[in-house]
Amino acid sequence: MGMRQARILGILGARRFVCHDRAMTSRARSPQRTDARGARRSASASAVLRAVLDGGPIARSTIARRTGLSAAAVTGHTAELARLGLLHELVESGPEPRGRVGRPHVPVDLDTGRHVAGALHLAVHHATVALLDLRGNVLVQHEEPHDGLAAEDLLARAAEIFDDLLLGHAPDREPLGLGVATGGWVDRASGTVVEHPLLGWRNVPVRDLLTGSTGLAVEVDGHARALVHAERLFGHPRARDSVVQLFTGNVVDAAFATGAGVHHGPRSAAGAVAHLPVDGSTEPCRCGRTGCLEAAVSEGTLARAAVECGLLERPDFPELLALAESGHSAAARLFHERARLVGQAAALLLEVLNPAVLVVVDRSVTRVPGCLPIIRDEVRDRSRCPDPAETVVGTSFPGTELATAGGAVLLDVLYDDPLGPLLTGLPRAS
Ligand SMILES: [Zn+2]
């Protein structure tokens, strides 16, 4: 065994020990955690932490005004959140020594230097492994091709890369855990990928496998929902009212949230829009029909179309994207035709769900001029949406959307229940 490998295993072993130790002692000490008082305390702490996320650096008197909590309650919560390493008090010369929070008008801010959130996004051809801070900033991301790897091998490889990133980029920070986002049907409660046809996965216990190899808390969710969490925490201000997210990569799916939270439905099966019929496509779908949204607009379909019309020698989507971005008119035209189909789906989702904002997560929306205006035009023609330019937007995380999706799965759990299991080892408040 090499030196580096031994170090990684050493760290893993130590972390696993700390994690279990903390969980057991805390549970034994605090049997009242799941009662109504515990849930109320957690909800208040969550409101304080979100107020600091939105407004930090922010005085505790302002937090009290914005959350409706008493000054004394805010003092108590900020002190506890500081003890957990989530907040610190600022003075003019910089952060105070950690954990000190006292004076009411001295601003507090998130302590982004103490913890780090792990992120894993599983796409059809590659995995993205990343580290994020508490504000959702991607500190480092790594892309790993994985064609041909079985689920267990891919997850083991991802855990190794995650540890390399921790060692190389955040050696002094404590990992909160690992958030995992992927397409297909993901059951968040059990941390299982129920079905991901494009990866060929059925009932893969992702959470259990990764908890076993990292010794950390692992949370798993569908990536469209993960990006909704990210938009609501760190992105578009109106996403907190209500938001629909439409993702169009190799996988096509959707998610939506209202003020109360992201909709999952039984076994988290919501958001399957892959087989929504669209006009003007004769592309055969894996379901046996033709003209389904995913078959019509997936990156693979577009890359094959580029080969058929002589633009590319082999179906390489990133190459086609680069061509269109550089102003190649025939390549751009392919993306523009596709944007009309995406616009049809966007219009339908807007009609059904009427959200404050609809976010299209698509690489061409970010990089190929003209795509977003075409989607908006289609929405204008096909829905009653009064202001498509305001309502239909691109992602708030261009270039880091996959890493952000994974990290948001974990950070959403943290912001939802900062006194919960991630930092305290206590059971989650319900
Ligand atoms: Zn279909």
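Placed above this text is the structure.
Draft legend 1. Quick peek at the pairing of strand 13 (residues 252-258). Among the 7 residues that make up strand 13, 6 are buried, leaving the element largely enclosed by the rest of the structure. Bridge count between strand 12 (residues 242-248) and strand 13: 7 bridges; the pairing is antiparallel. If you follow Thr248 over to strand 13, its bridge partner there is Val252. Here strand 12 hands over to strand 13 after 3 residues, the two strands then running antiparallel side by side. Where strand 13 and strand 14 (residues 261-262) come together, 2 bridges link them in antiparallel fashion. If you follow Ala257 over to strand 14, its bridge partner there is Val262. Turn length for the strand 13-strand 14 hairpin, with the two strands adjacent in sequence and antiparallel, is 2 residues.

Draft legend 2. Highlighting the packing of helix 2 (residues 36-55) against helix 3 (residues 60-67). Where helix 2 meets helix 3, the closest approach of the two axes is 10 Å, and the angle between their N-to-C directions is 115 degrees. With respect to their mutual orientation, helix 2 and helix 3 come out roughly perpendicular. Read as a crossing pair, helix 2 and helix 3 show a hand that is right-handed. Residues Ala47, Val48, Ala51, Val52 and Gly55 of helix 2 form the contact with helix 3, whose participating residues are Thr62, Ile63, Arg66 and Thr67. A per-class count over the contact of helix 2 with helix 3 returns 5 nonpolar, 3 polar and 1 charged.

Draft legend 3. Molecular detail of helix 13 (residues 371-382). Compared with the 16 Å implied by 1.5 Å per residue over 12 residues, the 17 Å span of helix 13 between its first and last C-alpha is a close match. Buried within helix 13 are the following residues: Cys371, Leu372, Ile375, Arg376, Glu378 and Val379. Along helix 13, the residues classed as buried sweep out an arc of 160 degrees about the axis, all on the same side.

Draft legend 4. Inspection of the pairing of strand 10 (residues 201-204) at higher detail. Bridge analysis of strand 9 (residues 192-196) against strand 10 gives 3 bridges, and the strand direction is antiparallel. Within strand 10, the position partnered with His196 by the bridge is Trp201. The turn joining strand 9 and strand 10, which pair antiparallel and follow one another in sequence, is formed by 4 residues; a positive phi near 75 degrees is taken by Gly200.

Analysis parameters
- Residues numbered from 1 in each chain as written.
- Predicted model: local features only at pLDDT ≥ 70, side-chain atom pairs only at ≥ 80, totals over all residues.
- Buried ≥ 20, exposed ≤ 12 C-beta atoms within 10 Å, placed from the backbone.
- Helix = DSSP H or I, 4+ residues; strand = E, 2+ residues; numbered from the N terminus.
- Pairing = 2+ DSSP bridges.
- Axes fitted to C-alpha atoms, helices over the stretch in contact; angles between N-to-C directions.
- Parallel < 35°, antiparallel > 145°, perpendicular 65-115°, else oblique.
- Left-handed = near helix turned anticlockwise from the far one by under 90°.
- Contact = placed C-beta atoms within 7 Å.
- Nonpolar A, V, L, I, M, F, W, Y, C, P; charged D, E, K, R; others polar.
- Expected span 1.5 Å × (residues − 1).
- Arc of directions from axis to C-beta.

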